[in-house]
Amino acid sequence: MAFIWSLTCHETLGSTSDLCKSEAEKGAADGTAVLAYRQTSGRGTRGRLWQAPEGNLSFSFICRDRDSDSLIAVLPFLVAVAIHDALAPVVPDAVLQLKWPNDLVCEGAKLCGVLIERGGAGRSGWIVVGIGANLRTAPEIPGRRTICLEALGRSIAPREAAERILAAFSARLSLWEREGFEPLRAAWLERAHPLGTRLAVQRGDNYIEGFFAGLDASGRLLLQTDQGDLQAFLSGDILLLG
């Protein structure tokens, strides 16, 4: 089922995802998208504050009227690959990579993040995808390095970036619906940090260190630990160690 996008732009919003969630509860259609040129109360994963000053990309969109359980399992990879497809051509001389499951990084510094939320039930169920990209300004995130496109000598308007991502997402979604997860898994791995990259996966207050060993058939992160074990992770904060 193809998306028919309806993108509305606002000068200022508290949170594009909060607005989309509110609209979804009221029955807003699949493909409804909202962009804010300035976002004052953006959120990242695990409730972190996401700074979104004017010039950066802050937008969200609604998915519904499809098998949400199947979609939610692959959505982090669909969104991540679509973002890479959309933004990599803007900076052809820089290496943009995906960090599991859906961060876009450049030289290990975060360029773009994604927040996926779901709600409702049955035919009223919805998924909201929120995307924030550092186009003009790199926000300060404790314990994380960040970067922006402008620091790489490139620029793109927020609306153009959103439209590129939506088009790329539609293409990747159609491919997944036709051919399943394996082509998407391969595309994600092609755009990710190389196999053997040293990682740390946070578990509570501790980190498990090892080497990136790929994705399994369901998209779980595979980590070859320093103790020689192969562990699979369905969730967890990831640090690139080199």
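Residues numbered from 1 in each chain as written. Predicted model: local features only at pLDDT ≥ 70, side-chain atom pairs only at ≥ 80, totals over all residues. Heavy atoms only, no water.

**A short note on the overall build of the protein**
Within the protein, the secondary structure is distributed over four helices and 12 strands. At 17 Å, the protein has a C-alpha radius of gyration in line with the 18 Å of a compact globule built from 242 residues. A principal-axis box enclosing the C-alpha atoms of the protein has dimensions of 50 × 40 × 35 Å. Each of the 242 residues in the protein was classed as buried or not, and the buried ones make up 50%. Of the contacts made within the protein by residues no fewer than 6 positions apart, 63% connect residues no fewer than 24 positions apart. Accessible surface for the protein amounts to roughly 11100 Å². Of this, 50% is attributable to carbon and sulfur atoms. (Helix = DSSP H or I, 4+ residues; strand = E, 2+ residues; numbered from the N terminus. Rg over C-alpha atoms; globule rule 2.2 N^0.38 Å. Buried < 20%, exposed > 50% of the residue type's maximum accessible area, 1.4 Å probe, protein only. Contact = heavy atoms within 4.5 Å. Areas by Shrake-Rupley, 256 points an atom, 1.4 Å probe, with all protein chains shown as cover.)

**As for the packing of aromatic side chains**
Think of a pair of aromatic rings as described by two things: how far the centres are apart, and how the planes are tilted against each other in angle. Following the criterion strictly, the structure yields seven aromatic pairs and no others. On the basis of an interplanar angle of 35° and a centroid distance of 6.3 Å, the ring pair of F59 and F61 is categorised as tilted. Note on F61: relative accessible area 1%, which makes it buried. A centroid spacing of 6.4 Å and a plane angle of 65° characterise the contact between W188 and F212, whose relative ring orientation is edge-to-face. Residue W188 is located in helix α4 (residues 181–191), and its partner F212 is located in strand β9 (residues 206–215); the two are separated by 24 residues in the primary sequence. Here W188 and F212 have matching classes, each one buried. Against the face of F211 rests R198, its NZ or CZ located 4.9 Å from the ring centre. (Phe/Tyr/Trp six-rings, centres within 6.5 Å; stacked < 30°, edge-to-face > 60°. Lys NZ or Arg CZ within 6 Å of the ring centre and 35° of its normal.)

**Points about the sheet that holds strand β12 (residues 238–240)**
Strand order across the open sheet formed by five strands is β11-β10-β9-β8-β12, with antiparallel pairing between neighbours. Since the sheet does not close on itself, it has two edges, and those belong to β11 (230–233) and β12, each with one partner. Mean inter-strand twist for the sheet, computed between neighbouring axes without regard to direction, equals 45°. Pairing between strand β10 (residues 221–225) and β11: four bridges, direction antiparallel. (Pairing = 2+ DSSP bridges. Axes fitted to C-alpha atoms, helices over the stretch in contact; angles between N-to-C directions.)

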